Structure formats: structure tokens, C-alpha cells
Amino acid sequence: MPCVGDWLSSPFSIVQGFFAQNVPNSDWEKKVTEYFKEKLKENNATNWVPSLNDVPVHYLKPNSLVKFRCMVQDMFDPEFYMGVYETVDSNTNARVLHFGKYRDVAECGPQQEIDLNSSQSVTLERQTFYCVPVPGESAWVKEISFFWLSNASQARVSPSTSYTPSRHKRSYEEDEEMDLHPSKQKEQHMGNGSGGDIHGCVEPKRLETEASAGHHLISPNCSPPLDLNFPLPGEKGPACLVKVYESWDSFKVNDVLEVYGILSVDPALSIVNNEESSALDPMECMDTAEEQRVHSPPASLVPRIHVILAQKLQHINPLLPACLNEEESKTCEFVSNFMSELSPVRAELLGFLTHALLGDSLAAEYLILHLISTVYARQDVLPLGKFTVNLSGCPRNSIFTEHIYRIIQQLVPASYRLQMTIENMNRLRFIPHKDYTANRLVSGVLQLASNTSLVIDETQLEQGQLDSAGVHNVTALGNLITWQKVDYDFNYHRMEFPCNINVLITSEGRSLLPSDCQVHLQPQITPPNMEEYMSSLLTAVLPSVLNKFRIYLSLSRLLDYSISEEVTKAVEDDFVEMRKNDPESVTADDLHRTLLVARFLSLSAGQTTLSRERWLRAKQLEVLRKARLQQQRCVNGNEL
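Residues numbered from 1 in each chain as written. Predicted model: local features only at pLDDT ≥ 70, side-chain atom pairs only at ≥ 80, totals over all residues. Heavy atoms only, no water.

- An unreviewed UniProt entry annotates the protein as Mini-chromosome maintenance complex-binding protein of Crotophaga sulcirostris.
- Database annotation for the protein, UniProt heading Sequence similarities (unreviewed entry): "Belongs to the MCMBP family."
- Check the Subcellular location (unreviewed entry) section of the UniProt entry for the protein; it says "Nucleus". (UniProt positions renumbered as here; feature names shortened; annotations may be inferred.)

Below you can see the structure in the form of C-alpha cells.
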């Protein structure tokens, strides 16, 4: 019976076993998938699998089982591969069948040759996705995931067949620090002196496997820099070519996946980046040199993962079960246990955000509603459930908005702060576009995963001239907010990509961008030292309390919601009365917004249906919000 070490460190041995027993039938492929699926269902087994999100690729054993939490940034054309092929021994003429699945390079012994004309050969098709880490993924998500991986690695005994690199396993952040401070690295290798472990002297020089988006990677032969195509500036982590063998039609660009597969870093994959590629017959290769560089980058920089199992993720919060739709006892128990303490968690979060918003409890209420909002359906082109909030009245050029973003960053799994300066609007690439020379989709800032929190800081905006790129970027932001879509540029046409992005706009007066709800900030306190006050908020809250906030927000967003016919009739009657009393100021938009507020109020309290109590509370909040805006309009004239 295979042990943990076999299926983790040597998955090919498992695949070979099923292939040898079932060839020439194709049942072996299903049996491989079922075997690994059952293995990963064992207690904490998913935590045993090393993650490319946490461990640099040069610390992982080639051809071992790995996992990767990622977003599909681009999808390449399908490729053909030898699913089954036959080799012939040149000395004995012995014939052996091999499987080509999960491999980039055909396995062939020193005296063996592949018989390309064999009747046993089977040509199959697979789909390659270019995947990157989830853009804007919060540091706490990475830390918790790495913590669980480290604990799982220590909890089980490493088998003798496992791969042990000459250095201890470190996270990407720690590894980057060693690269930035080579003196530290030298000290580690030197040990206590020249008489240290001789294994440290023979360690091969490794290749860098990550870089920020602002710094391109240099491939070994010093060809032009390799752009890893991260959507956001300053992103770190690996980009991978993920090769999918089954049901790839269910995956699309911008989907967030967790894949389990076999790591491939064969040096032969870099041939198109070497000078040897110039010897290839141009008639045999129709791809341009640029396309070859992008689609076949060095495996040391862009590793390959041959997928055995893959799933779309509902969320990337590591504190929640991966899938909350399953009727599993553990999942149901987790949800019911947390729901029982949901009310005090909400009250504590409301207090925390009230302090962050300088004592403004009304703004804190709306911020909670915003953070749990999500597009739950689309009616024709109208996205239902989006709740973009414009928090006006923010101090100009203040560290206040920066700290508000830092707090949001500590609460949600993925976020990005866009400083709306003239320079950024003119310089940054917001909309992804197709590069037909390299045959790839060049990423942009608005290529974000579903449920990402986008904080647009308009307090940074000053007088200046927007160029044509800046105007297009502002238009793209408006379309994102209004229609929850981004029109990708394919040169000859535009293609709509629907999205689900939570947008919060911080501004002095009313935002230049559209929003679903404007809340004017009314500080109740004025800290003498804003930096010290805002910083102390996060240091004062316990990590366990922060984790409860994180679970609360993610779980509330995933709850189902409905309105009974009885309540629907009561709401309609109530709205008719409101129109009678104030026909000029009460509009259909007011009804839609109040229903949204009522929806998120109910979900924030753990209620999946609308009650009269929540409807009245939603109306009350809207009255307070509008009164505040009216008061501000009287103070500042028409400026809001």
C-alpha cells in the first residue's frame, strides 16, 4: 500500500502503477484521479501538500505533488501531447509502453527510441492556463496558510524518499529578504567557520523564481527581461503554467482556482530561450520568437503544474472551509457554531470600525454593509447586489485614508488601494489588452479576482490634465462601478468580462465617480496625532478577534438570502405610502437602495430572510444618511 511519501514525493510511481495495471484501457486515468481525491480527503492531508504560494520552487522536489492557489490570468491555445507512446530498445528491440500524461518531456532510456509510427501511440489534448497568485492577496492569508503548512510538515514524519534541500524551507518573504541581504545568506552558509558542513560548499547556484511586477526577471542566457504579467504593481510570488487535462471548459480567465498537480521544472523546457532554438527549422515552428518566449519561459522562473485535481474557490479565506455549499457535517457544524456567536462579533466589529472612522457609528454601519456586499445575480446587464460606497468628508492629503485601507486590508482576503492621482491615471494600465505578437493577454490593474476590495483614494487628486489614456482609465472605473464589468481591449474589438469587485471611494466632497451610496463622514473625535491613533487601533485588537472579524465578513457574504411574498407585499405598500408623503424626494432608486441596505443588514445579523424589523432599521439608516447629506449641502452650498 503506498505511503504518504509515495503519493506526495513520487506521484509518478502511483500513476505508473495504475497505468501498468490497466493499459491499454483508459480506466487508469480515472483511477489516478480518484486515488488522489481520496488521499486528499484524509484528515489534514491537504495541509501536507507543499504550496507554491508559500515555498519557493527551488526548495521543492521536482516531479512531486504540489498545490497552488491562483487566478487564471490568461489561457493559451490547447496543445497536443503523446498520451501513450511506445519506445524500442535499440539493442534488444524490446518494446515498452509509456504514459505521457502529467509530463512535459517524454521518458526515454539511454538505449531507447520513441517509435512515432507505433499503432499503440495515442495523441491527446490538454489546456494550458497562465496563472498568477491572487492579485492583492492579503498578508494574513499567506501567513495563516504558511503556518498551517509548517505545522502539518512538522506533525508528520518525513519519509525516506522525500526531497530534502540543503537549506531550510522559508516563505517567499523570507527568501526575498535573504536575496536583498546577501551578507545574511553568506553567514548562514559559513556556519561556525571553514570547517562547517561540506554540503554547504557544493550547493548549486539557484535561479531567482520571483520578482515584483516592477522588476522583470532575466532569463539565464541574458535575453530580454521576462515579464511575469502580474495585474498589480509590486506583486510577488510565482507565475505558473497550469496544464489541465479534464473539464477545462469549466475554467475561465479571472477564475480563482486551487490546483493539485505534479511540479515540472525540467531544464529541457527552456530550449526555446536558448541560442539552440535558432537551429530549429522555421517551417516546423510557426510561432514568433516573442510568442515562444512567453509561452515557453524557463521552468526555473515559471514552473509547470500538471493538474491532477482542480477546483474553483468560493473564497480564499483560509479560516473558512474551502466549500460551504457541501452538506458535510464538519462544514455545517462550523457554520452553525459561528452563527451562534455572530451577534456579539458584529457588535465588536461595529465598535472597532467606529473608532477607525473617528467615532462615526453611522459610517461604520455602512462600511460593514459594503464589506459583505456581493453581486448575487444579473438582470440583463444590471448587476444585483453591488454596493459601492462613497465615503466623503475625508481629510485631504491625510494619512487617514491610508490607514482606513490598512484596516480593510486586515479584514478582507484580497484588496488594492488605487491612489487617484493624475500621474497614476495617465500612467497605469487599467484595462488588459491582447498582444497579438506574443499571443497573450497583457494584464491591467482592473484584472482582479471576484470579491476583491478596491479602495479608490480620491483625496490624492489634484488639478492637472488627463491625457487620452487617463480619460479611458476613468471611463473604465466608471463602467466597473456601474456595470461590474471591464471591457478588455482586443485591438479590433472590445470584450466584456463581468466582475464582482467591492469598490469603496474615499473623497473630500462628492466623488467624481459614480456610487450606489454616499456617506458623509462626521468625526466625533479629533486625535492630536492621527498616525499614532490609527496605528494603535490594529495593535490593540487581539489576533483571535481579528480572525473572528475575517470569518464574519466572509461568511456573511456567502449566505443565501430571500424575501417572502408577505414581506414583499408589506414593503411595496410601505413604499407607496412613502411616495404619497414625499413624492418629490422618494424615487425608485431610493427603494432599490433601501432594499439593498435591508438585505445586507439582515445578512450582517445572520438572518437569511427580511423581517419587518430589519426593513424599518434600513429605512432609519437611510433617513439619517440623507439628513446628513442635506445638512452638509446647506453648509457648503451645492458641493457634496
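Having put the structure on the table, let's press on.
**So, the environment of Leu610**
Here comes step 1: Along the chain, Leu610 turns up in the loop between helix 18 (588-604) and helix 19 (612-636).
Here comes step 2: C-alpha separation for the pair Leu610 and Thr568, spaced 42 residues apart in sequence, amounts to 8.9 Å.
Here comes step 3: Those residues in contact with Leu610, other than ones at most four positions away along the chain, are Tyr561, Ser562, Ile563, Val567, Val571, Ala598, Ser602 and Trp615. (Helix = DSSP H or I, 4+ residues; strand = E, 2+ residues; numbered from the N terminus. Contact = heavy atoms within 4.5 Å.)

**Some details on the packing of helix 10 (residues 342-356) against helix 12 (residues 399-409)**
Here comes step 1: Direction vectors running N to C along helix 10 and helix 12 enclose 160 degrees, while the axes themselves pass 11 Å from each other. With respect to helix 12, the element helix 10 is oriented roughly antiparallel. The element helix 10 and its partner helix 12 pack so that their crossing is right-handed. Contacts between helix 10 and helix 12 involve Phe352, Leu353 and Ala356 from the former and Phe400, Ile404 and Ile407 from the latter.
Here comes step 2: Residues that form the contact of helix 10 with helix 12 fall into these classes: 6 nonpolar, no polar and no charged. (Axes fitted to C-alpha atoms, helices over the stretch in contact; angles between N-to-C directions. Parallel < 35°, antiparallel > 145°, perpendicular 65-115°, else oblique. Left-handed = near helix turned anticlockwise from the far one by under 90°. Nonpolar A, V, L, I, M, F, W, Y, C, P; charged D, E, K, R; others polar.)

**Looking at helix 14 (residues 468-483)**
Here comes step 1: Helix length check: helix 14, at 16 residues, gives a terminal C-alpha distance of 22 Å against a target of 22 Å (1.5 Å per residue), a fit within 8%.
Here comes step 2: Among all positions of helix 14, only Gly470, Asn473, Ala476, Leu477, Gly478, Leu480 and Ile481 are buried.
Here comes step 3: Those residues of helix 14 hidden inside the fold are in contact with strand 12 (415-419), helix 13 (422-427), strand 15 (453-457), strand 16 (485-489) and strand 18 (502-506).
Here comes step 4: For helix 14, the N-terminal cap is Asp467; the gap from its side-chain oxygen to the backbone nitrogen of Ala469 is 3.1 Å.
Here comes step 5: A positive phi of about 50 degrees marks Gln484, the residue just after helix 14. (Expected span 1.5 Å × (residues − 1). Buried < 20%, exposed > 50% of the residue type's maximum accessible area, 1.4 Å probe, protein only. Polar contact = N/O pair within 3.5 Å; in protein donor to acceptor, adjacent residues only side chain to side chain.)

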